[in-house]
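Survey of secondary and tertiary structure
The primary structure of each chain is shown beneath.
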Amino acid sequence: MKEKIHQSWETIETVYHPKKGAKGISVEVERFSLWYGAKQALFENTMAIERGLVTALIGPSGCGKSTLLRSMNRMNDLIDGLNIDGEIRLDGTNIYHRDIDVIALRKRMGMVFQKPNPFPMSIAENVTYPLKVDGIRDRRILKETVERALKSAALWEEVKDRLKENAMGMSGGQQQRLCIARAIASDPEILLMDEPCSALDPIATSKIEDLIDELRGQYTIAIVTHNMQQAARVSDNTAFMYLGKIVEYGKTSTIFEAPKSQRTEDYVTGRFG
Ligand SMILES: Nc1ncnc2c1ncn2[C@@H]1O[C@H](COP(=O)(O)OP(=O)(O)OP(=O)(O)O)[C@@H](O)[C@H]1O
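Each value, and the rule that gives it
- Residues numbered from 1 in each chain as written.
- Predicted model: local features only at pLDDT ≥ 70, side-chain atom pairs only at ≥ 80, totals over all residues.
- Helix = DSSP H or I, 4+ residues; strand = E, 2+ residues; numbered from the N terminus.
- Rg over C-alpha atoms; globule rule 2.2 N^0.38 Å.
- Buried ≥ 20, exposed ≤ 12 C-beta atoms within 10 Å, placed from the backbone.
- Contact = placed C-beta atoms within 7 Å.
- Near = placed C-beta within 6 Å.
- Nonpolar A, V, L, I, M, F, W, Y, C, P; charged D, E, K, R; others polar.
- Pairing = 2+ DSSP bridges.
- Axes fitted to C-alpha atoms, helices over the stretch in contact; angles between N-to-C directions.

Considerations on the overall build of the protein
- Looking only at helices and strands, the protein features ten helices and ten strands.
- At 19 Å, the protein has a C-alpha radius of gyration in line with the 19 Å of a compact globule built from 273 residues.
- For the C-alpha atoms alone, the extent of the protein along its principal axes is close to 55 × 40 × 35 Å.
- Across the 273 residues in the protein, those meeting the buried criterion constitute 41%.
- For the protein, contacts bridging at least 24 residues in sequence account for 70% of all contacts bridging at least 6.

With respect to the site of the ligand
- Surrounding the ligand, one finds 13 residues, the nearest of these being Tyr36, Ser61, Lys65, Ser66 and Thr67.
- Taken together, the elements giving at least two residues each to the shell around the ligand come down to strand 2 (39-50) and helix 1 (65-71).
- Counting residues per element, the shell around the ligand draws most heavily on helix 1, at three residues.
- The class makeup of the residues in the shell around the ligand is four nonpolar, seven polar and two charged.

Some points on the sheet that holds strand 5 (residues 93-94)
- Taken in spatial order, the four strands make up an open sheet running 2-1-4-5, and their pairing is antiparallel. The sheet is open, and its two edges are formed by strand 2 and strand 5, each paired on a single side.
- Pairing geometry for strand 1 (residues 25-36) and strand 4 (residues 82-90), over eight bridges, is antiparallel. Paired with Tyr36 across the two strands is Leu82, which belongs to strand 4.

What to know about the pairing of strand 2
- Of all twelve residues in strand 2, nine are buried; the element is thus mostly enclosed.
- Note that strand 1 and strand 2 share eight bridges and pair antiparallel. Across the sheet, Trp35 pairs through a bridge with Gln40, a residue of strand 2.

Quick word on helix 3 (residues 123-133)
- Within helix 3, burial applies to Ile123, Ala124, Asn126, Val127, Thr128 and Pro130.
- Residues of helix 3 that are buried sit in contact with helix 4 (139-152), helix 5 (156-159) and helix 6 (172-185).
- A positive backbone phi angle near 85° is found at Gly135, which sits one or two residues after helix 3.

Let's talk about the pairing of strand 3 (residues 54-58)
- Taken across its five residues, strand 3 has five buried, putting it largely inside the fold.
- By the alternation rule, side chains of strand 3 split into Val54, Ala56 and Ile58 and Thr55 and Leu57, which are all buried.
- As judged from the four bridges shared by strand 3 and strand 8 (residues 220-224), these two strands associate in the parallel manner. Looking at the pairing, Val54 lines up with Ile221 of strand 8.

Here's the deal with the sheet that holds strand 7 (residues 190-194)
- Spatially, 6-7-8-3-9-10 is the arrangement adopted by the six strands of the open sheet, whose pairing is mixed. Both outer strands of the open sheet, strand 6 (109-112) and strand 10 (245-251), are each paired with one neighbouring strand and no more. Ignoring which end each strand starts from, the neighbouring axes of this sheet average 15° apart.
- Pairing analysis gives six bridges linking strand 9 (residues 237-242) to strand 10, with the strands arranged antiparallel. Across the sheet, the residue bridging to Asn237 is Lys251, located in strand 10.
- Strand contacts of helix 6: strand 6 and strand 7, with the helix running at about 170° to strand 6, the strand carrying the most contacts.

A word on the environment of Gln176
- You can see Gln176 is positioned in helix 6.
- As for Gln176 and Lys207, which are separated by 31 residues in sequence, their C-alpha atoms are 10 Å apart.
- Other than its neighbours up to four places away in sequence, Gln176 contacts Pro116, Pro196, Leu200 and Ile208.

Written out as C-alpha coordinates, the structure is:
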(Lines give C-alpha, C1' and ligand atoms only; values in the text may rest on other atoms or scores of the structure.)
Protein backbone atom coordinates (compact mmCIF):
# COMPACT_ATOMS: atom_id res chain seq x y z
CA MET A 1 0.00 0.00 0.00
CA LYS A 2 1.52 3.28 -1.15
CA GLU A 3 1.48 5.94 1.47
CA LYS A 4 2.48 9.54 0.80
CA ILE A 5 4.33 11.37 3.49
CA HIS A 6 5.50 14.92 2.95
CA GLN A 7 8.73 16.06 4.46
CA SER A 8 8.48 19.37 6.21
CA TRP A 9 11.72 21.07 5.18
CA GLU A 10 12.46 22.98 2.04
CA THR A 11 14.95 21.73 -0.50
CA ILE A 12 17.50 24.02 -2.04
CA GLU A 13 18.80 24.22 -5.59
CA THR A 14 17.74 20.75 -6.56
CA VAL A 15 16.64 21.90 -9.97
CA TYR A 16 19.52 22.45 -12.31
CA HIS A 17 19.80 25.49 -14.52
CA PRO A 18 22.39 24.79 -17.22
CA LYS A 19 25.53 26.83 -16.81
CA LYS A 20 27.59 28.38 -19.57
CA GLY A 21 30.01 25.81 -20.94
CA ALA A 22 28.21 22.82 -19.43
CA LYS A 23 27.98 19.79 -21.68
CA GLY A 24 24.32 19.40 -20.82
CA ILE A 25 22.30 17.06 -18.72
CA SER A 26 22.67 13.31 -18.71
CA VAL A 27 20.25 12.10 -16.05
CA GLU A 28 17.26 14.05 -14.78
CA VAL A 29 15.53 12.95 -11.63
CA GLU A 30 12.12 14.57 -11.27
CA ARG A 31 9.89 14.34 -8.19
CA PHE A 32 11.13 10.79 -7.78
CA SER A 33 9.78 8.84 -4.81
CA LEU A 34 10.31 5.21 -3.89
CA TRP A 35 8.67 2.81 -1.46
CA TYR A 36 9.96 -0.51 -0.16
CA GLY A 37 6.55 -2.02 0.60
CA ALA A 38 4.82 0.44 2.95
CA LYS A 39 8.08 2.16 3.84
CA GLN A 40 8.87 5.27 1.84
CA ALA A 41 12.61 5.59 1.25
CA LEU A 42 12.73 8.50 -1.23
CA PHE A 43 10.57 11.64 -1.16
CA GLU A 44 9.99 13.61 -4.37
CA ASN A 45 13.61 14.10 -5.29
CA THR A 46 14.60 16.33 -8.15
CA MET A 47 18.10 16.74 -9.50
CA ALA A 48 19.88 16.88 -12.83
CA ILE A 49 23.21 15.20 -13.35
CA GLU A 50 25.59 17.01 -15.66
CA ARG A 51 27.16 15.08 -18.49
CA GLY A 52 30.85 14.34 -18.13
CA LEU A 53 31.07 15.53 -14.53
CA VAL A 54 31.34 13.74 -11.20
CA THR A 55 28.29 14.03 -8.95
CA ALA A 56 28.50 12.88 -5.33
CA LEU A 57 25.58 11.75 -3.19
CA ILE A 58 26.33 12.27 0.49
CA GLY A 59 24.33 12.05 3.70
CA PRO A 60 23.99 10.01 6.89
CA SER A 61 23.49 6.28 6.86
CA GLY A 62 20.06 5.21 5.67
CA CYS A 63 19.20 8.55 4.01
CA GLY A 64 18.60 6.87 0.64
CA LYS A 65 21.83 7.50 -1.29
CA SER A 66 22.18 3.93 -2.56
CA THR A 67 18.46 3.67 -3.23
CA LEU A 68 18.58 6.77 -5.43
CA LEU A 69 21.74 5.63 -7.22
CA ARG A 70 20.34 2.14 -7.83
CA SER A 71 17.10 3.65 -9.13
CA MET A 72 19.08 5.27 -11.94
CA ASN A 73 19.69 1.94 -13.68
CA ARG A 74 16.64 0.16 -12.24
CA MET A 75 18.73 -2.11 -10.03
CA ASN A 76 15.91 -2.01 -7.47
CA ASP A 77 13.38 -3.45 -9.93
CA LEU A 78 13.43 -6.97 -8.59
CA ILE A 79 12.78 -6.06 -4.97
CA ASP A 80 9.40 -7.31 -3.79
CA GLY A 81 6.85 -4.62 -3.04
CA LEU A 82 8.84 -1.85 -4.74
CA ASN A 83 6.86 1.16 -5.89
CA ILE A 84 7.96 4.38 -7.48
CA ASP A 85 6.49 7.69 -8.45
CA GLY A 86 7.95 10.49 -10.57
CA GLU A 87 10.52 10.10 -13.32
CA ILE A 88 14.17 9.47 -13.97
CA ARG A 89 15.12 10.46 -17.50
CA LEU A 90 18.21 9.49 -19.43
CA ASP A 91 18.78 11.84 -22.35
CA GLY A 92 15.18 12.93 -21.97
CA THR A 93 13.56 9.47 -21.95
CA ASN A 94 11.85 8.18 -18.81
CA ILE A 95 13.73 5.00 -17.87
CA TYR A 96 10.65 3.71 -16.04
CA HIS A 97 8.49 3.83 -19.16
CA ARG A 98 7.07 0.38 -19.90
CA ASP A 99 8.74 0.21 -23.33
CA ILE A 100 12.26 0.62 -21.93
CA ASP A 101 14.62 -2.30 -22.48
CA VAL A 102 16.20 -2.60 -19.03
CA ILE A 103 19.16 -4.69 -20.22
CA ALA A 104 20.01 -2.06 -22.83
CA LEU A 105 19.59 0.67 -20.21
CA ARG A 106 22.05 -1.06 -17.85
CA LYS A 107 24.59 -1.29 -20.66
CA ARG A 108 24.55 2.48 -20.85
CA MET A 109 25.19 2.66 -17.11
CA GLY A 110 28.07 0.67 -15.66
CA MET A 111 27.81 -0.10 -11.94
CA VAL A 112 30.60 -0.44 -9.41
CA PHE A 113 29.74 -1.77 -5.97
CA GLN A 114 31.03 -1.29 -2.45
CA LYS A 115 32.87 -4.60 -2.32
CA PRO A 116 34.96 -5.47 -5.36
CA ASN A 117 33.17 -8.36 -7.07
CA PRO A 118 35.48 -9.82 -9.71
CA PHE A 119 34.35 -13.10 -11.21
CA PRO A 120 36.43 -16.21 -10.39
CA MET A 121 38.09 -16.25 -13.78
CA SER A 122 41.15 -14.68 -15.35
CA ILE A 123 41.81 -10.94 -15.36
CA ALA A 124 41.26 -10.77 -19.14
CA GLU A 125 38.09 -12.86 -18.96
CA ASN A 126 36.66 -10.52 -16.34
CA VAL A 127 37.04 -7.60 -18.74
CA THR A 128 35.67 -9.44 -21.77
CA TYR A 129 32.76 -10.99 -19.86
CA PRO A 130 30.16 -8.33 -20.81
CA LEU A 131 31.20 -8.56 -24.47
CA LYS A 132 30.96 -12.34 -24.50
CA VAL A 133 27.50 -12.14 -22.95
CA ASP A 134 26.64 -9.99 -25.96
CA GLY A 135 27.90 -12.73 -28.27
CA ILE A 136 31.13 -10.98 -29.31
CA ARG A 137 33.72 -13.65 -30.12
CA ASP A 138 36.12 -11.76 -32.41
CA ARG A 139 39.54 -12.28 -30.74
CA ARG A 140 40.94 -9.00 -32.00
CA ILE A 141 38.03 -7.00 -30.55
CA LEU A 142 38.28 -8.86 -27.24
CA LYS A 143 42.04 -8.30 -27.03
CA GLU A 144 41.73 -4.60 -27.85
CA THR A 145 38.98 -4.20 -25.27
CA VAL A 146 41.11 -5.81 -22.55
CA GLU A 147 43.92 -3.36 -23.21
CA ARG A 148 41.68 -0.31 -23.62
CA ALA A 149 39.57 -0.98 -20.53
CA LEU A 150 42.54 -1.89 -18.31
CA LYS A 151 44.39 1.23 -19.47
CA SER A 152 41.32 3.36 -18.77
CA ALA A 153 41.11 1.81 -15.31
CA ALA A 154 44.81 2.55 -14.66
CA LEU A 155 45.54 -1.15 -14.22
CA TRP A 156 47.23 -2.14 -17.47
CA GLU A 157 50.83 -1.59 -16.35
CA GLU A 158 50.30 -3.67 -13.21
CA VAL A 159 48.66 -6.66 -14.90
CA LYS A 160 49.66 -6.72 -18.57
CA ASP A 161 52.03 -9.66 -17.96
CA ARG A 162 49.53 -11.75 -16.03
CA LEU A 163 46.25 -11.35 -17.88
CA LYS A 164 45.59 -15.08 -17.67
CA GLU A 165 45.95 -15.23 -13.88
CA ASN A 166 42.87 -15.56 -11.73
CA ALA A 167 41.46 -12.19 -10.68
CA MET A 168 40.80 -13.48 -7.18
CA GLY A 169 44.57 -13.31 -6.54
CA MET A 170 44.68 -9.52 -6.98
CA SER A 171 44.70 -7.02 -4.12
CA GLY A 172 41.38 -5.44 -3.11
CA GLY A 173 42.27 -2.16 -4.80
CA GLN A 174 43.31 -3.91 -8.00
CA GLN A 175 40.09 -5.94 -7.92
CA GLN A 176 38.06 -2.73 -7.65
CA ARG A 177 39.94 -1.18 -10.61
CA LEU A 178 39.28 -4.42 -12.51
CA CYS A 179 35.57 -4.03 -11.76
CA ILE A 180 35.78 -0.48 -13.13
CA ALA A 181 37.54 -1.88 -16.23
CA ARG A 182 34.76 -4.44 -16.62
CA ALA A 183 32.16 -1.67 -16.32
CA ILE A 184 34.03 0.40 -18.92
CA ALA A 185 34.44 -2.56 -21.31
CA SER A 186 30.89 -2.36 -22.60
CA ASP A 187 31.34 1.33 -23.36
CA PRO A 188 28.76 2.87 -21.04
CA GLU A 189 27.99 6.59 -20.91
CA ILE A 190 27.51 6.64 -17.17
CA LEU A 191 29.32 5.03 -14.26
CA LEU A 192 27.35 4.57 -11.06
CA MET A 193 29.62 3.95 -8.07
CA ASP A 194 28.20 2.88 -4.74
CA GLU A 195 30.83 3.52 -2.07
CA PRO A 196 33.58 2.16 -4.32
CA CYS A 197 36.34 2.75 -1.76
CA SER A 198 34.72 1.71 1.48
CA ALA A 199 36.41 -1.71 1.51
CA LEU A 200 39.82 -0.32 0.51
CA ASP A 201 42.88 0.98 2.38
CA PRO A 202 43.95 4.63 1.99
CA ILE A 203 46.49 3.95 -0.79
CA ALA A 204 44.03 1.91 -2.87
CA THR A 205 41.40 4.57 -2.16
CA SER A 206 43.63 7.31 -3.45
CA LYS A 207 44.28 5.34 -6.65
CA ILE A 208 40.53 5.00 -7.24
CA GLU A 209 40.10 8.72 -6.60
CA ASP A 210 42.86 9.49 -9.14
CA LEU A 211 41.13 7.17 -11.56
CA ILE A 212 37.78 8.91 -11.09
CA ASP A 213 39.56 12.16 -11.85
CA GLU A 214 40.98 10.70 -15.07
CA LEU A 215 37.60 9.34 -16.13
CA ARG A 216 35.97 12.74 -15.64
CA GLY A 217 34.89 14.16 -18.97
CA GLN A 218 34.82 10.79 -20.66
CA TYR A 219 31.99 9.44 -18.51
CA THR A 220 29.25 10.90 -16.40
CA ILE A 221 29.94 9.61 -12.91
CA ALA A 222 27.57 9.44 -9.94
CA ILE A 223 29.21 8.31 -6.72
CA VAL A 224 27.73 7.52 -3.32
CA THR A 225 30.18 8.13 -0.53
CA HIS A 226 30.20 8.22 3.26
CA ASN A 227 33.47 10.04 3.10
CA MET A 228 32.95 13.77 2.89
CA GLN A 229 36.60 14.50 2.14
CA GLN A 230 36.30 12.11 -0.78
CA ALA A 231 33.20 13.90 -2.09
CA ALA A 232 35.01 17.22 -1.74
CA ARG A 233 38.09 15.86 -3.52
CA VAL A 234 36.53 14.05 -6.46
CA SER A 235 33.19 15.63 -7.29
CA ASP A 236 32.06 18.67 -9.25
CA ASN A 237 28.53 18.66 -7.87
CA THR A 238 27.20 17.28 -4.60
CA ALA A 239 23.73 16.36 -3.40
CA PHE A 240 23.25 16.21 0.35
CA MET A 241 20.44 13.84 1.34
CA TYR A 242 18.63 13.47 4.62
CA LEU A 243 15.80 11.06 5.45
CA GLY A 244 15.08 10.21 1.82
CA LYS A 245 15.18 13.74 0.49
CA ILE A 246 17.78 15.85 -1.28
CA VAL A 247 18.16 18.79 1.04
CA GLU A 248 20.64 20.71 -1.07
CA TYR A 249 22.26 20.15 -4.43
CA GLY A 250 24.81 22.29 -6.15
CA LYS A 251 28.46 22.83 -6.85
CA THR A 252 30.62 20.84 -4.47
CA SER A 253 32.53 23.96 -3.39
CA THR A 254 29.24 25.65 -2.47
CA ILE A 255 27.92 22.65 -0.56
CA PHE A 256 31.10 22.39 1.49
CA GLU A 257 32.09 26.02 1.86
CA ALA A 258 28.88 28.02 1.71
CA PRO A 259 25.86 25.73 2.07
CA LYS A 260 22.51 27.46 2.12
CA SER A 261 20.80 25.01 4.41
CA GLN A 262 21.65 24.78 8.12
CA ARG A 263 21.14 21.01 7.92
CA THR A 264 23.76 20.73 5.16
CA GLU A 265 26.17 22.88 7.13
CA ASP A 266 25.68 20.76 10.24
CA TYR A 267 26.42 17.62 8.26
CA VAL A 268 29.45 18.82 6.29
CA THR A 269 31.00 20.32 9.39
CA GLY A 270 30.58 17.01 11.20
CA ARG A 271 27.96 18.18 13.71
CA PHE A 272 25.82 15.16 12.94
CA GLY A 273 25.90 12.08 10.78
N1 LIG B 1 15.73 -3.84 -0.01
C2 LIG B 1 15.22 -3.04 0.93
N3 LIG B 1 14.06 -3.35 1.54
C4 LIG B 1 13.52 -2.53 2.48
N5 LIG B 1 14.10 -1.40 2.90
C6 LIG B 1 15.26 -1.05 2.35
C7 LIG B 1 15.89 -1.85 1.34
N8 LIG B 1 17.05 -1.23 0.97
C9 LIG B 1 17.13 -0.11 1.72
N10 LIG B 1 16.07 0.00 2.54
C11 LIG B 1 15.79 1.10 3.48
O12 LIG B 1 15.71 2.30 2.73
C13 LIG B 1 16.35 3.38 3.43
C14 LIG B 1 17.46 3.96 2.56
O15 LIG B 1 18.50 2.97 2.45
P16 LIG B 1 19.78 3.19 1.54
O17 LIG B 1 20.60 1.95 1.62
O18 LIG B 1 19.39 3.68 0.23
O19 LIG B 1 20.52 4.37 2.34
P20 LIG B 1 22.01 4.87 2.27
O21 LIG B 1 21.96 6.33 2.48
O22 LIG B 1 22.66 4.37 1.04
O23 LIG B 1 22.63 4.15 3.56
P24 LIG B 1 24.12 3.65 3.84
O25 LIG B 1 24.96 4.88 3.76
O26 LIG B 1 24.02 3.12 5.24
O27 LIG B 1 24.44 2.62 2.82
C28 LIG B 1 16.85 2.78 4.75
O29 LIG B 1 15.89 3.05 5.74
C30 LIG B 1 16.94 1.30 4.46
O31 LIG B 1 16.72 0.56 5.64
